[in-house]
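# Overview (structure and organization)
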Amino acid sequence: MSIWSLVLISFLHITIGGAFSLGFLFYICAENSPVLSKFENTVLFTLLIAYTASLLVSTGLAIYYYVALDSESYYLCFSLSWGLLILLLGYLTYISPRFS
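For the structure given in this document, a descriptive report is provided here. In this text the structure is predicted, and so the values were computed from the model without any measurement. (Residues numbered from 1 in each chain as written. Predicted model: local features only at pLDDT ≥ 70, side-chain atom pairs only at ≥ 80, totals over all residues. Heavy atoms only, no water.)

### Looking at the environment of Ile14
Threshold: Only DSSP runs of H or I reaching four residues or more are called helices, and only runs of E reaching two or more are called strands; each is numbered from the N terminus. In this analysis, two residues are considered to be in contact whenever any of their non-hydrogen atoms come within 4.5 Å of each other.
Tracing the chain through its elements places Ile14 in helix 1 (residues 3-29). In this structure, Ile14 is in contact with Leu55, Leu56 and Thr59, ignoring residues within four places of it in sequence.

Rendered as structure tokens:
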């Protein structure tokens, strides 16, 4: 694959993931959002920050593997943030019956 496909995949990865994390941050901080305890709010915010950081780390690792190591499996680095996204959505699903 060419460098332009890596740039396109990285751009889409950060854009779509960033839009999700920014939208979720607005949902947590909205005035009509569900009332959460301090612990639940801290956990959700921490998972959100970790997910956003993992977007940047996974993109950086993919670029490093592609450029420095010349590895063909660089695209697997993009799956790093999926685990945190599943954990974030799982925790939100776990606490959602409480505020519905």
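### Focus on the side chain of Glu40
Worth spelling out the cut-off: The buried label goes to any residue with under 20% of its type's maximum accessible area, the exposed label to any with over 50%, and the partly exposed label to all in between, with areas taken from a 1.4 Å probe on protein chains only. Think of a polar contact as two N or O atoms within 3.5 Å of one another; within protein, one of them needs to be a possible hydrogen donor and the other a possible acceptor, and neighboring residues in sequence only count if both atoms come from side chains.
By the element assignment, Glu40 lies in helix 2 (residues 38-67). Residue classification places Glu40 among the buried residues on the basis of a relative accessible area of 5%. Separated by 3.2 Å, the side chain of Glu40 and the backbone nitrogen of Ser37 make a polar contact.

### Here's the deal with helix 2
Operational definition: By definition here, a helix of n residues has an expected span of 1.5 Å times n minus one.
When the terminal C-alpha atoms of helix 2 are compared, their 43 Å separation across 30 residues agrees well with the 44 Å that a helix rising 1.5 Å per residue should span. Listed as buried for helix 2 are Glu40, Leu44, Leu47, Leu48, Tyr51, Ser54, Leu55, Ser58, Thr59, Ala62 and Tyr66. Looking at the packing, one finds that the buried side of helix 2 touches helix 1 and helix 3 (80-95).

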